[in-house]
Amino acid sequence: MKYFFRYLLLVLCFTVNAQEFNFKEYGVNQGLPSSQVYDMYQSENGYIWFATDRGLATYNGYEFESFGLENGLPGNIILNIFPQKNNEIWFATIDNKVFSYNQELRKFQIYQY
């Protein structure tokens with residue numbers, strides 16, 4: 001009888017369905033400027049930043065907002081995101097230009113060195 005319960009427990013363990021992952025894929029059709037993403041960062045306010053080969057993008061949970069040369073970026077190919085403790089986010093382009101974004105002022109500023 002004790003072997004029956006062990007067998008039953010073993011059978012139940014293998015027949016129980018595992019949880020399924022719930023995810024949604026976002027791409028160019030949903031508003032991302034490029035499907036080539038080099039870096040990502042989620043800020044304290046919940047926005048997700050994407051560094052792409054066609055500029056920056058933020059996602060607020062509902063829609064994407066894209067930033068490019070017309071928004072003050074020194075280049076379109078953004079490779080790295082460097083969050084700081086003072087709520088600024090620093091970025092680096094492929095041609096070694098560095099710039100920051102002040103979340104409170106909602107403004108980009110190129111680092112002059």
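Residues numbered from 1 in each chain as written. Predicted model: local features only at pLDDT ≥ 70, side-chain atom pairs only at ≥ 80, totals over all residues. Heavy atoms only, no water.

(A) Structural detail: the sheet that holds strand 3 (residues 55–59). An order of 1-2-3-4 is seen for the 4 strands of this open sheet, with the pairing classed as antiparallel. The outermost strands of the open sheet, each flanked by one partner alone, are strand 1 (37–42) and strand 4 (64–67). Averaged over all pairs of adjacent strands, the angle between their axes in this sheet comes to 20°, without regard to strand direction. As paired elements, strand 3 and strand 4 share 4 bridges and run antiparallel to each other. In the sheet register, tyrosine 59 faces strand 4, and the bridge partner there is phenylalanine 64. (Pairing = 2+ DSSP bridges. Helix = DSSP H or I, 4+ residues; strand = E, 2+ residues; numbered from the N terminus. Axes fitted to C-alpha atoms, helices over the stretch in contact; angles between N-to-C directions.)

(B) Region of interest: the packing of aromatic side chains. In total, this model carries 14 aromatic pairs according to the counting rule given. Aromatic side chains phenylalanine 67 and phenylalanine 108 sit 5.2 Å apart centroid to centroid with 70° between the ring planes, which places their arrangement in the edge-to-face category. Pair noted here: phenylalanine 67 is in strand 4 and phenylalanine 108 is in strand 8 (residues 107–110), with a separation of 41 residues, a long-range link. Each member of the pair, phenylalanine 67 as well as phenylalanine 108, carries the same accessibility label: buried. Taken together, a centroid distance of 5.8 Å and an interplanar angle of 75° make the contact between tryptophan 90 and tyrosine 111 edge-to-face. With tryptophan 90 in strand 6 (residues 88–93) and tyrosine 111 in the segment after strand 8, this pair connects stretches of sequence that are 21 residues apart. Taking relative accessible area as the criterion, tryptophan 90 reaches 22% and is therefore assigned partly exposed. Here the aromatic cluster, defined as three or more aromatic residues joined through ring pairs, consists of Trp49, Phe67, Phe91, Phe99, Tyr101 and Phe108. (Phe/Tyr/Trp six-rings, centres within 6.5 Å; stacked < 30°, edge-to-face > 60°. Buried < 20%, exposed > 50% of the residue type's maximum accessible area, 1.4 Å probe, protein only.)

(C) Fine view of the nonpolar core. Trp49, Ala51, Leu56, Phe67, Leu73, Ile78, Ile81, Ile89, Phe91, Phe99, Tyr101 and Phe108 form the largest nonpolar core, which has 12 residues in total. Residue assignment for this core shows that the elements contributing at least two residues are strand 2 (48–52), strand 5 (78–83), strand 6 and strand 7 (98–102). Within the second largest apolar cluster, 5 residues are counted, among which are Leu32, Phe50, Ala57 and Phe64. (Core = buried A, V, L, I, M, F, W, Y, C linked by side-chain atoms within 4.5 Å.)

(D) Up close: the pairing of strand 2. Within strand 2, 4 of the 5 residues are buried, which leaves it mostly tucked inside the rest of the structure. Pairing of strand 1 with strand 2, which is carried by 5 bridges, proceeds in the antiparallel orientation. Looking at strand 2, one finds that tyrosine 41 is bridged to tryptophan 49. Hairpin geometry of strand 1 and strand 2 is characterised by an intervening segment of 5 residues between the two adjacent antiparallel strands and by a positive phi of about 95° at glycine 46. Where strand 2 and strand 3 come together, 5 bridges link them in antiparallel fashion. Within the sheet, the bridge partner assigned to tryptophan 49 lies in strand 3 and is threonine 58. Hairpin connection of strand 2 to strand 3: 2 residues between the antiparallel strands.

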